[in-house]
Amino acid sequence: MNEHDSERIAGLLEADGMEHIDDIESADVVVMNTCCIRENADNRFYGHLGELKALKATNPDLQIAIAGCLAQKDRDAIVDRAGHVDVVFGTHNLHRAVDLLRDARTSGQPIVEILEEQEHDEFPSALPTRRESSFAAWVTIQIGCDNNCAFCIVPQVRGKEISRRMGDIVAEVADLAKDGVTEITLLGQNVNSYGRDLGAGQYSPKFADLLRAVNDVAGIRRIRYTSPHPKDFRIATIDAMSQCANVCEHLHLPLQSGSDRILARMHRGYTADRYLERLRAARTAMPELAVTTDIIVGFPGETEADFQQTLAVAEAGDFDGAYTFVYSSRPGTEAAAWVDEMLPASVTGERMERLVSIIRASSARRHAAYVGSTQELLIEGPSKRDDRRLTGRTRSHKVVHLDGGDGLRAGSYVQATITKAFSHYLEAQIDEVISVPAATRVRIPLTVV
Ligand code: 5AD
Ligand code: SF4
């Protein structure tokens, strides 16, 4: 969501006549889009803010804008700690980026504008966007979150859940397809509750309906989505996924913990058994399905017995991969008050090692099963490790490195045989080129500060 917000801010600035440059030293404007979901993003932000101070000392005309949910949370601290910042805005008013920069330039005064709720009728996805990729795009289907997971700051900074009208989503996807996009990722904090707020007593669309509608858009070959919530992940969604040819065989289903006691304290609304039962249903309907998850280690009060249950579910889940996080206390969340139950770093570190070794083993096992199989790959461009090789992705979202394929443009589809498996990626040999995109204008990647 944060990356997509960055694309929108960049799109707005470009629409106003600014130009992206790679070299931060020659920039007239630097926008840092921030995220506060976990503490280490917070810490990194303040380091970068210090670096920008040095830059402003050498170029006093430089304008610095801080955007995003960390800006929203720390608005006062940012201005107090960083007199070199010109503009601070949050997630609900990023459409104001250009105006705020202009006003600050005219007045010579810093401007802080943070809104608590979305102020305008226009859904933010309708803003101009500077897409990072010519062939893949994010599509926001919902903003905000109505859940109250005890560890999570998102509801505070993203506001209440609002679904976007299905017709608008389908129209945007059709426009993207006309622009050469073949892969879309539907974005929401809790996509399975999509549509709950639409329809006011009459028919309200469900996420499964949306998948079916988007599946019918000509030109789109791959549909992904993130994130579903296990408590709302229903059979209708599994059916739609398995019946829609363009919906990819990948499910990212955040587990968070395998202990029912911890899940209840987190207010997640499901038990470990129910989570595993949904997973089984999805895998039965889609035998090719790859499943990834998010797990938090060291939630306040997590005992060794609780953690053992997480290990057991991680084993039973047979995951293709997992993002594992040490719990970090977020101000204003329910769990932030449970200071007495925080676990020491020595315990969380040791638990994390045990969890990661289980995940690594299941990833390696599942990846090994790909060797010898034929897969459709979407070429993403040269490999980041070795630019003589190409990197592509399977429908199941596996990273694949390929030799050869000289001259194949990003956005091409190929048929390939998987030759080797590693825990984080696969290697393959191209058998056949399926399609090559028409030449697109060159896009320069955004500098990540
Ligand atoms: N501490 C650790 N991990 C967190 N996540 C969200 N909030 C926290 C927190 N306070 C993780 C969850 C979520 C993912 C996006 O980030 O696992 O699914
Ligand atoms: Fe946070 Fe829970 Fe909402 Fe996800 S569902 S954004 S974890 S409150």
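Let me begin by describing the structure that accompanies this report.

Conventions adopted
Residues numbered from 1 in each chain as written. Chains lettered and ligands numbered in written order. Predicted model: local features only at pLDDT ≥ 70, side-chain atom pairs only at ≥ 80, totals over all residues. Heavy atoms only, no water. Core = buried A, V, L, I, M, F, W, Y, C linked by side-chain atoms within 4.5 Å. Buried < 20%, exposed > 50% of the residue type's maximum accessible area, 1.4 Å probe, protein only. Contact = heavy atoms within 4.5 Å. Pairing = 2+ DSSP bridges. Helix = DSSP H or I, 4+ residues; strand = E, 2+ residues; numbered from the N terminus. Axes fitted to C-alpha atoms, helices over the stretch in contact; angles between N-to-C directions. Polar contact = N/O pair within 3.5 Å; in protein donor to acceptor, adjacent residues only side chain to side chain.

**A word on the nonpolar core**
In this structure, Ile-184, Leu-186, Phe-207, Leu-211 and Tyr-225 are the most contacted members of the largest nonpolar core, which totals 52 residues. Setting aside chain neighbours within four positions, we find Leu-211 in contact with Leu-186, Ile-223, Tyr-225, Thr-237, Ala-240, Met-241, Cys-244 and Val-247. Residues Leu-55, Leu-62, Ala-71 and Val-85 belong to the second largest nonpolar core, which totals 22 residues.

**A few points about the sheet that holds strand 8 (residues 183-187)**
The parallel open sheet is built from three strands, whose spatial order is 5-8-9. Looking at strand neighbours, the two that pair on one side only are strand 5 (136-140) and strand 9 (222-226), the edges of this open sheet. Within this sheet the neighbouring strands show an average axis-to-axis angle of 25°, counted without direction. As paired elements, strand 8 and strand 9 share five bridges and run parallel to each other. The residue of strand 9 that forms the bridge with Ile-184 is Ile-223. Relative to the sheet, helix 1 (residues 2-15) contacts strand 5 and strand 8, its axis offset from that of strand 5 by approximately 100°. Lying over the sheet, helix 8 (residues 207-215) contacts strand 8 and strand 9, oriented at roughly 155° with respect to strand 9.

**A few points about the environment of Glu-304**
Checked against the element boundaries, Glu-304 lands in helix 12 (residues 304-317). Along the chain, Glu-304 and Val-347 lie 43 residues apart, while their C-alpha atoms are 9.4 Å from each other. Residue contacts for Glu-304: discarding those within four places in its chain leaves Arg-351 and Arg-354. At a separation of 2.7 Å, a polar atom in the side chain of Glu-304 contacts the side chain of Gln-308.

**Here we look at the pairing of strand 14 (residues 390-393)**
The side-chain alternation of strand 14 yields two buried faces, one formed by Leu-390 and Gly-392 and the other by Thr-391 and Arg-393. Across four bridges, the pairing between strand 13 (residues 374-382) and strand 14 is antiparallel. The residue of strand 14 that forms the bridge with Leu-378 is Arg-393. Note: strand 14 against strand 15 (residues 399-402), four bridges, orientation antiparallel. Looking across to strand 15, one finds that Thr-391 is bridged to His-401. As consecutive antiparallel partners, strand 14 and strand 15 are separated by five residues, and within that stretch His-397 has a phi angle of approximately 80°, a positive value.

This is a description of form; function is not addressed.
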